[in-house]
Amino acid sequence: MKGHKLLYGASALMVLGFCIAVAAHWYQYNTILNSAPFWVWIVSDALVWLLPAAIAAIAGFVAKKRLTKKENRK
């Protein structure tokens, strides 16, 4: 397995984790008990899940670009 595919897979799993985390927070969210609006929870989940997913996807793109450049030299 190539390294870029591993990074793309990790990125996809983190996006899935974000969806599951938002669904879990939506289920647990109670307007009366929480002073923060629900969008704040979504933003915090995005920082935890989507930011690393974007970094992994960009790293996968760079790794794939370097791999194809290396294969073209041969």
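Here the structure is shown first, and the text comes after it.
Everything quoted here is computed from the prediction, not taken from an experiment.

Our next topic: the overall build of the protein. Broken down by element type, the protein carries two helices and zero strands. Against the globule reference of 11 Å for 74 residues, the protein gives a C-alpha radius of gyration of 17 Å, more extended than a compact globule. Counting the 74 residues in the protein, one finds 18% classified as buried. Pairs at least 24 apart in sequence give 71% of the contacts found in the protein among residues at least 6 apart. Of the accessible surface of the protein, which amounts to about 5,800 Å², a share of 71% is contributed by carbon and sulfur atoms.

A word on helix 1 (residues 3-28). Here helix 1 contains 26 residues, and its C-alpha end-to-end distance of 37 Å stays within 8% of the 38 Å for a straight helix at 1.5 Å per residue. Tucked into the core, helix 1 has its buried residues touching helix 2 (38-73).

On to the packing of helix 1 against helix 2, then. For the pair helix 1 and helix 2, interaxial distance at closest approach is 7 Å and the crossing angle is 170 degrees. The angle between helix 1 and helix 2 falls in the class roughly antiparallel. The residue inventory of the contact of helix 1 with helix 2, partitioned by class, reads 22 nonpolar, five polar and two charged.

Here helix 2 is 36 residues long and its end C-alpha atoms lie 52 Å apart, about the 52 Å a rise of 1.5 Å per residue gives. Along helix 2, the sharpest kink reaches roughly 40 degrees, centred on Ala-46. Of the surrounding elements, those touching the buried residues of helix 2 are helix 1.

Turning next to the packing of aromatic side chains. Counted under the stated rule, the structure contains two aromatic pairs. With a centroid separation of 5.3 Å and 65 degrees between ring planes, the pair formed by Tyr-29 and Phe-38 is classed as edge-to-face. For the ring pair Tyr-29 and Trp-41, a centre distance of 5.7 Å and an interplane angle of 85 degrees mean the geometry is edge-to-face. Taken together, the residues span a long stretch of sequence, with Tyr-29 in the loop between helix 1 and helix 2 and Trp-41 in helix 2 at a distance of 12 residues. A relative accessible area of 22% means that Trp-41 is categorised as partly exposed. Three or more aromatic residues link up through ring pairs in this structure, and these residues are Tyr-29, Phe-38 and Trp-41.

Here we take up a nonpolar patch on the surface. Side chains of Trp-39, Val-40, Val-43, Leu-47, Val-48, Trp-49, Leu-51 and Ile-55 sit close together on the surface and give an oily, nonpolar patch of about 790 Å² of accessible area. Classification of Leu-47 by relative accessible area gives exposed; the value is 56%.

This part is about the side chain of Ser-11. In this structure, Ser-11 sits in helix 1. By relative accessible area, which is 10% here, Ser-11 ends up buried. Contacts of Ser-11, omitting those with residues within four sequence positions, involve Ala-53, Ala-56 and Ala-57.

Scoring rules and cut-offs
- Residues numbered from 1 in each chain as written.
- Predicted model: local features only at pLDDT ≥ 70, side-chain atom pairs only at ≥ 80, totals over all residues.
- Heavy atoms only, no water.
- Helix = DSSP H or I, 4+ residues; strand = E, 2+ residues; numbered from the N terminus.
- Rg over C-alpha atoms; globule rule 2.2 N^0.38 Å.
- Buried < 20%, exposed > 50% of the residue type's maximum accessible area, 1.4 Å probe, protein only.
- Contact = heavy atoms within 4.5 Å.
- Areas by Shrake-Rupley, 256 points an atom, 1.4 Å probe, with all protein chains shown as cover.
- Expected span 1.5 Å × (residues − 1).
- Axes fitted to C-alpha atoms, helices over the stretch in contact; angles between N-to-C directions.
- Parallel < 35°, antiparallel > 145°, perpendicular 65-115°, else oblique.
- Nonpolar A, V, L, I, M, F, W, Y, C, P; charged D, E, K, R; others polar.
- Bend = angle between axes of the 7 residues up to and from the residue.
- Phe/Tyr/Trp six-rings, centres within 6.5 Å; stacked < 30°, edge-to-face > 60°.
- Patch = residues over 30% accessible without salt bridge, like charges linked within 9 Å, V, L, I, M, F, W, Y side chains within 5 Å.
- Salt bridge = Lys/Arg side-chain N within 4 Å of Asp/Glu carboxyl O.

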